[in-house]
Amino acid sequence: MIFFVKRAIKDMNGNRFINAVTIVTIALSIFIVSAFGLFFHNVNNLMDTWKKGVRILAYVKKHTKESQITELKDKIQATQGVASLTFISKEESLNQMKDHMKRQAAIFKKLKENPLPDVFEIQMVGIQQGMDDIEILATRIESLPHVSSVEYGQKWLGRFMTMFNLIKFSGFALCGTFLMASVFIVANTIRLLFYSKQEEIEIMRLVGASDNFIKAPFYVEGIIQGVLGGVIGVTALLITYLLISSNMEQGILVDFLSIRFLPIKICLGIILCGIVAGWLGCYLSLKQILKY
Amino acid sequence: MIFFVKRAIKDMNGNRFINAVTIVTIALSIFIVSAFGLFFHNVNNLMDTWKKGVRILAYVKKHTKESQITELKDKIQATQGVASLTFISKEESLNQMKDHMKRQAAIFKKLKENPLPDVFEIQMVGIQQGMDDIEILATRIESLPHVSSVEYGQKWLGRFMTMFNLIKFSGFALCGTFLMASVFIVANTIRLLFYSKQEEIEIMRLVGASDNFIKAPFYVEGIIQGVLGGVIGVTALLITYLLISSNMEQGILVDFLSIRFLPIKICLGIILCGIVAGWLGCYLSLKQILKY
Amino acid sequence: MPESNDENTIIRMFRVYKRYGAQNALADINLDIRRNDFLFVNGPSGAGKSTLLKLLYLGEPVSEGQILINGMNLSRVSRKRIPDLRRTFGIIFQDYKLISNKTVFENIALVLEVSGHKSKYIQKKVKSVLRTVGMESKIDAYPPTLSGGEQQRIAVARAITGDPKILLADEPTGSLDAESAMIILNLLKEYHSGGGTVIIATHDKELIRSIRGRIIYLQDGQLQIPKAIEV
Amino acid sequence: MPESNDENTIIRMFRVYKRYGAQNALADINLDIRRNDFLFVNGPSGAGKSTLLKLLYLGEPVSEGQILINGMNLSRVSRKRIPDLRRTFGIIFQDYKLISNKTVFENIALVLEVSGHKSKYIQKKVKSVLRTVGMESKIDAYPPTLSGGEQQRIAVARAITGDPKILLADEPTGSLDAESAMIILNLLKEYHSGGGTVIIATHDKELIRSIRGRIIYLQDGQLQIPKAIEV
Ligand SMILES: Nc1ncnc2c1ncn2[C@@H]1O[C@H](COP(=O)(O)OP(=O)(O)OP(=O)(O)O)[C@@H](O)[C@H]1O
Ligand SMILES: Nc1ncnc2c1ncn2[C@@H]1O[C@H](COP(=O)(O)OP(=O)(O)OP(=O)(O)O)[C@@H](O)[C@H]1O
Ligand SMILES: [Mg+2]
Ligand SMILES: [Mg+2]
């Protein structure tokens, strides 16, 4: 084993330029895929934060007794998909409204009686739901006794969901394509590299080297390339991330969103991808070259 | 010239596998970069549509005379950054409000006098402004005579702008990196390809071939690869686009947004990039190989 | 195929054909080679000498016919056993087949590494074999920096390093001056008297004259009757 | 450097050294070659024969000293003029240097394309030259599928195709049997009597004996005094 690692390192040193190209290619591919991953990771986080703001408002029928309201509260609480809920009495609502519509304050002065209903503000469980899930939950709540009507979202929320889905969909599609393309490119870079070694492999076979003897250092080489490429790629991404995020701190984003780096698990996964790409490149090349 | 093209095609035919790899690499790189371009092109369009919805409301002081309103209208119209404006009288506003707040209709029944102000709804020029530009325009309008106050955007608009900027920024950064990475990868694929031709080039030089004689078919080859790669890449993108957009038609997006393909000019530009990459790959490789 | 009636037959070719397209590179070759034979394969350029050697070490598959080596039928050797088979041969290739980006030492050491020898033994053995061909000063050189004759001597060194049972030598002295050629010839003689089997493909009548051995003559891929050869 | 006092001197080497690291591959070579000379460069393996030829066609730069070819000083030839210089030579390389992925026809045609000949002329010329070396049947073969001797004959064919002023031949018959070698030798003689200058590097005394020519002898990179050669 050590013998093969030594041979691999020696060989890499001898083909420095080609190896550098392969490693940089792997690093670049990984940088791009993971930059994209990082981007979506953050957009996702952002979306989640927003989605948390999505609430369902359940209006309580007029003249509902307090005991009935408590009962209703329990029922809503028990509904599947409800995380928590807040009761806002009609008095609170009116005060809020007054605050909100100061300019039209004249309206309120002329009121004798509070025309507003009591309302439950409902937070939903999970944050992955699309518009459909919200609708289902709303219908369910509307059908409860003493609920006069239900209101949820604004017009922009619909758009926002749609856009979120668009981004998510395109994101997955692009990420998938990137990943495949990267593996292809890396595999083929290694394969081209093999063209320069075909003669060497042929000679080794003629002097009686077994397939494993020939293959081992190539795999070691491919894996070393993968590791180096992966580490360089992720490091480059980290540096880029630090540069961007320190710029952003001073920028517009500071107040409500901070971009986050990929979790360590995913970083390791990415490096693993690099290794797999390196290995795959070897595997395909060797398979072709050693076929006879 | 025809002689060189013939030689190039013959040569490509002889190295079919390596040429296929190079072409596919170019095609993939181009596909990815332009997929990303397409994605941002559409997000951009989407954003623009939304931004068009951003309006500034300027409330007119009570008891302003009609002639003064006309004057104000002209002044607002003349303000830099204003595209168009609509006057909404207080009566219209009240009706709108009644429609909108049917549930609280009780409030309105009790009104004797319209408490709402007249209002100008202002559309802004251009669609590229950030939050800052909107604020500046708003302040400017607020300082006009007879304007009681100005209202614009909602809380989500701010978020929306920030997010737009985040996406745009990351998008440009990623696209730039992709482009560079693609050129690098393509150039190096071609360069690796040259390793298999070094012997051939050396022999040609020894039998008295001039540098140009040696270079010409390689350039022709590189450019053919670039063209083929570019066309394949863009075609693949078009097919993907058609698949996705036909799926979307049946999906959630049909109502308010339709994704669009890249304009023909950009497609040609992308293919040109492929050619440049192919050419650059040749240039760098030949420079290195023919240095002595 | 007739039964091997001789325990000492190490190579047996029976009705062997090798075709490249329409051309018969070898046609109807029947040949027995015995342990410790010293065989010359003679013939003009393009006669099929190298092709005959290639078939023995499975450099190419036969088109028709059977080859037995040590009683093992080549057409039935599994892919896994080919390396073992090749290690019974030491081969001097006509075009040397040295690995360009490995040093002379590494090129020769390869043969020993392949059969799992220890690093210390390899060091010693490679040095001693380079000394016998007079190339010890070039131990760290790369093959493309060597002269034609130097490369050939490295190729000879590599072939004999692994103490093979059979030595296949394709024009082993073609690029050498008389003096260097004599050194190589003595090396081959020594190997032969150590019990090895030697097969030399050559067009060089002088080389054939210098050692007593069995001679076969190829012409257009066909084995000629012995009387056709005048040495 | 002394003035060229002879209009007929086509190559002049003056105090030429070629070093690889510490090794002198060539040391203090002084040599005049005249138009229509037939020169043998003899010497043992590694003596520097191939290196001497390499310096002439600028395959390597000299380490020290001057080389004039046709009155042109090689150390002052601009990069752009090197192809022109090389076209004055026809070169038979010791390792043939045929392009593996081009057919025999393409390999030879290259020499003519390089100097801008018409496609029709090329077709005719390549065929005729292949006929003279007895290789017309292999016109569409790729070099790796040829036997050693066949490759050498293609190399010879390529070298003479362009009607060069000077023919540099590095072991032009090393892989050939006596009969094929004779064909090549006659070809070289013919070229010489057509007014060409021939320089042959070889270790083969027999080859030298078969043609009348001037002989120089190299040993360890140094030119030996003529009396040292017994042909
Ligand atoms: N891979 C191949 N494909 C097609 N033809 C081949 C191939 N290998 C050899 N040949 C042909 O088979 C014939 C015999 O070749 P071989 O190399 O055995 O000759 P040889 O006797 O060794 O000649 P030399 O003395 O010149 O080396 C030649 O005509 C050659 O062109
Ligand atoms: N590129 C190089 N780098 C280092 N040493 C070299 C290089 N080329 C040649 N040499 C050395 O220079 C010496 C002369 O080599 P050259 O090829 O000229 O010999 P030669 O006379 O042609 O021998 P042969 O008859 O074997 O072909 C040899 O010892 C060789 O190892
Ligand atoms: Mg042969
Ligand atoms: Mg030589």
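Structure: above.
Report follows, based on the coordinates. Once a new chain begins, its residue numbering starts again from 1 and follows that chain's sequence as written. To read the labels, note that chains go from A and ligands from 1, taken in the order they are written. Whole-chain, interface and lining totals are the exception, using all residues; otherwise, since this is a predicted model, local features are given only for residues with pLDDT of at least 70 and side-chain atom pairs are given and counted only at 80 or more. Values shown for side chains rest on all heavy atoms present in the structure; no hydrogens or waters enter the calculation.

Concerning the pairing of strand E3 (residues 38-42) of chain D
All names here are of chain D.
Stage number 1. Remark: exposure states derive from per-residue accessible area (1.4 Å probe, protein chains only) relative to the maximum for the residue type, with buried under 20%, exposed over 50%, and partly exposed in between. Numbered from the N terminus, helices here are DSSP runs of H or I no shorter than four residues, and strands are runs of E no shorter than two. With respect to burial, E3 is a largely interior element, 5 of its 5 residues being buried.
Stage number 2. Along E3, one buried face is formed by Phe38, Phe40 and Asn42 and the opposite face, lined by Leu39 and Val41, is buried too.
Stage number 3. Here, a strand pair is defined by DSSP locating no fewer than two bridges between the strands. Relative to strand E8 (residues 197-202), E3 is paired through 5 bridges, and the arrangement is parallel. Paired with Asn42 across the bridge in E8 is Thr202.
Stage number 4. The pairing of E3 with strand E9 (residues 214-219) spans 4 bridges and is classified as parallel. Following the sheet pairing, Asn42 is matched in E9 by Tyr217.

Quick notes on the coordination of the magnesium ion (ligand 3)
Residues and elements named next belong to chain C.
Stage number 1. Ser50 (OG) and Gln94 (OE1) make up the full set of protein donors to the magnesium ion (ligand 3), lying at 1.9 to 2.1 Å. Residue Ser50 is found in helix H1 (residues 49-56), and its partner Gln94 is found in the loop between strand E6 (89-92) and helix H3 (104-114); the two are separated by 44 residues along the sequence.
Stage number 2. Of the residues examined, Gln94 reaches a relative accessible area of 22% and is grouped as partly exposed. Keep in mind that water is not among the atoms, so a site may look incomplete; donors are the N, O and S atoms within 2.8 Å of the metal, or 3.2 Å for Na, K and Ca.

Points about the site of ligand 1
Stage number 1. In the neighbourhood of ligand 1, 19 residues make up the surrounding shell, with Lys49(C), Ser50(C), Thr51(C), Ser147(D) and Gly149(D) lying closest.
Stage number 2. The criterion for a residue being near a molecule or strand is simple. One of its heavy atoms has to lie within 4 Å of it. Proximal residues around ligand 1 fall on chains C and D, making this an inter-chain site.
Stage number 3. By the criterion applied in these results, polar contacts are pairs of N or O atoms within 3.5 Å in which, for protein atoms, one can donate a hydrogen and the other can accept it, and in which residues neighboring in sequence qualify only through two side-chain atoms. Between ligand 1 and the protein, one listed contact pairs an oxygen atom with a backbone N or O atom of Gly46(C) at 2.8 Å.
Stage number 4. Interatomic distance of 2.7 Å between a side-chain N/O atom of Ser147(D) and an oxygen atom of ligand 1.
Stage number 5. Note that accessible areas follow from Shrake-Rupley with a 1.4 Å probe, and for residues the cover is restricted to the protein chains shown. Starting from 640 Å² of accessible surface for ligand 1 in isolation, the protein chains cover 91%.
Stage number 6. For the shell around ligand 1, the elements supplying multiple residues, two or more each, are strand E2 (23-34) and H1 of chain C together with helix H5 (148-161) of chain D.
Stage number 7. Think of it as three bins: nonpolar holds Ala, Val, Leu, Ile, Met, Phe, Trp, Tyr, Cys and Pro, charged holds Asp, Glu, Lys and Arg, and polar takes everything else, Gly as well. The residue inventory of the shell around ligand 1, partitioned by class, reads 5 nonpolar, 11 polar and 3 charged.

Overview of the pattern of salt bridges
Stage number 1. One speaks of a salt bridge when a side-chain nitrogen belonging to Lys or Arg is within 4 Å of a carboxyl oxygen belonging to Asp or Glu. Per the counting criterion, the structure on display carries 24 salt bridges over all chains.
Stage number 2. With a shortest N-O distance of 2.8 Å, Arg79(D) and Asp211(B) are connected by a salt bridge. One end of the pair, Arg79(D), is in the loop between strand E5 (72-73) and helix H2 (82-87); the other, Asp211(B), is in helix H9 (residues 211-249), on a second chain.
Stage number 3. In this structure Arg79(D) comes out as partly exposed when scored by relative accessible area, which is 32%.
Stage number 4. Here the residues in one salt-bridge network are Arg81(C), Asp84(C) and Arg87(C), joined through shared partners.

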